[in-house]
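# Overview (structure and organization)
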Amino acid sequence: MSHKVVYFKIKYKIDINKIVGFIRSTKNLFQLIDGRCLLSQTQILSAISRAGRRYIKGSRVNNEGILILMFVSASTQIDSAISSCGLKPDSSTAALIYDDESDYSNFIAKFPEFVMVDPFVPYDVKDDSIFEKMSYVDATL
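Residues numbered from 1 in each chain as written. Predicted model: local features only at pLDDT ≥ 70, side-chain atom pairs only at ≥ 80, totals over all residues. Heavy atoms only, no water.

Before going further, it helps to examine the state of the cysteines. A full pass over the atoms with the stated rule returns one disulfide. The partner cysteine of Cys-37 in its disulfide is Cys-85, sulfur to sulfur 2.4 Å. On the sign convention where negative means left-handed, the S-S torsion of about -105° between Cys-37 and Cys-85 marks this disulfide as left-handed. In this pair, Cys-37 is assigned in the loop between strand E2 (30-34) and helix H2 (41-57) and Cys-85 in helix H4 (residues 78-85), connecting sequence segments 48 residues apart. With a relative accessible area of 17%, Cys-37 lands in the buried category. (Disulfide = S-S within 2.5 Å. Helix = DSSP H or I, 4+ residues; strand = E, 2+ residues; numbered from the N terminus. Buried < 20%, exposed > 50% of the residue type's maximum accessible area, 1.4 Å probe, protein only.)

Here you go:
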């Protein structure tokens, strides 16, 4: 399945509990990432690819969205990945990775504080340490 990535500016303080409730209600991949964690679009695409492979092969983590978050944050611990790269009430930008258009439409209707923008990170960066850290996460899962 082809995952889509959309970037948002967040207009005002968000209610994390409502967002988490919405995400839990979806049946498909739907993961929001705090924009402050993102260095490049390539980083996101690599995290999506690695998480997809790990999800298909099997992992101690059975949620593809959480796996993506773990790869983006370069963390082997779920709690650490969520606390470092999950959305926070003061997040001002975010990236959304999703599969189902109806989930996306429902999200936009329910959360007007999320305004779609062009990508706010460059396509690529020349920092190989990002991908080395992702490889470490992959090896430990």
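Once the structure has been displayed, the description carries forward.
Turning to the packing of H2 against helix H3 (residues 64-73), a few remarks are in order. At a closest axis distance of 8 Å, the pairing of H2 and H3 adopts a crossing angle of 130°. Between H2 and H3, the angle is such that the two are oblique. Where H2 crosses over H3, the handedness of that crossing is right-handed. Each of Gln-43, Ala-47, Ile-48, Arg-50, Ala-51, Gly-52, Arg-54 and Tyr-55 in H2 lies in contact with H3, whose residues at this interface are Glu-64, Leu-67, Ile-68, Phe-71 and Val-72. Broken down by class, the residue content of the contact of H2 with H3 amounts to eight nonpolar, two polar and three charged. (Axes fitted to C-alpha atoms, helices over the stretch in contact; angles between N-to-C directions. Parallel < 35°, antiparallel > 145°, perpendicular 65-115°, else oblique. Left-handed = near helix turned anticlockwise from the far one by under 90°. Contact = heavy atoms within 4.5 Å. Nonpolar A, V, L, I, M, F, W, Y, C, P; charged D, E, K, R; others polar.)

With six of six residues buried, strand E3 (residues 93-98) lies mostly within the body of the structure. Every second residue of E3 is oriented toward a common face, with Thr-93, Ala-95 and Ile-97 on one face and Ala-94, Leu-96 and Tyr-98 on the other, all of them buried. Across six bridges, strand E1 (residues 4-10) lies against E3 in antiparallel orientation. What sits directly across from Tyr-7, in E3, is Ala-95. Note: E2 against E3, five bridges, orientation antiparallel. Bridge pairing in E3 places Phe-30 opposite Tyr-98. (Pairing = 2+ DSSP bridges.)

So, on to the pattern of salt bridges. Per the counting criterion, the structure on display carries four salt bridges. Linking Lys-4 and Glu-101 is a salt bridge whose minimum nitrogen-to-oxygen distance equals 3.9 Å. With Lys-4 in strand E1 and Glu-101 in helix H5 (residues 101-110), this residue pair connects regions lying 97 residues apart in the sequence. The exposure class of Lys-4 is partly exposed, given its relative accessible area of 29%. Take Glu-101: its relative accessible area is 39%, and that puts it in the partly exposed class. For the salt bridge of Arg-36 with Asp-90, the shortest nitrogen-to-oxygen distance reads 3.2 Å. Here the residue Arg-36 occupies a position in the loop between E2 and H2, and Asp-90 occupies one in the loop between H4 and E3, the gap between them amounting to 54 residues. For Arg-36, a relative accessible area of 48% puts it in the partly exposed group. Assessed through its relative accessible area of 52%, Asp-90 is described here as exposed. What you see here is one network of salt bridges that share partners, running through Asp-34, Arg-36, Lys-88 and Asp-90. (Salt bridge = Lys/Arg side-chain N within 4 Å of Asp/Glu carboxyl O.)

Just distances and angles here, no functional claims.
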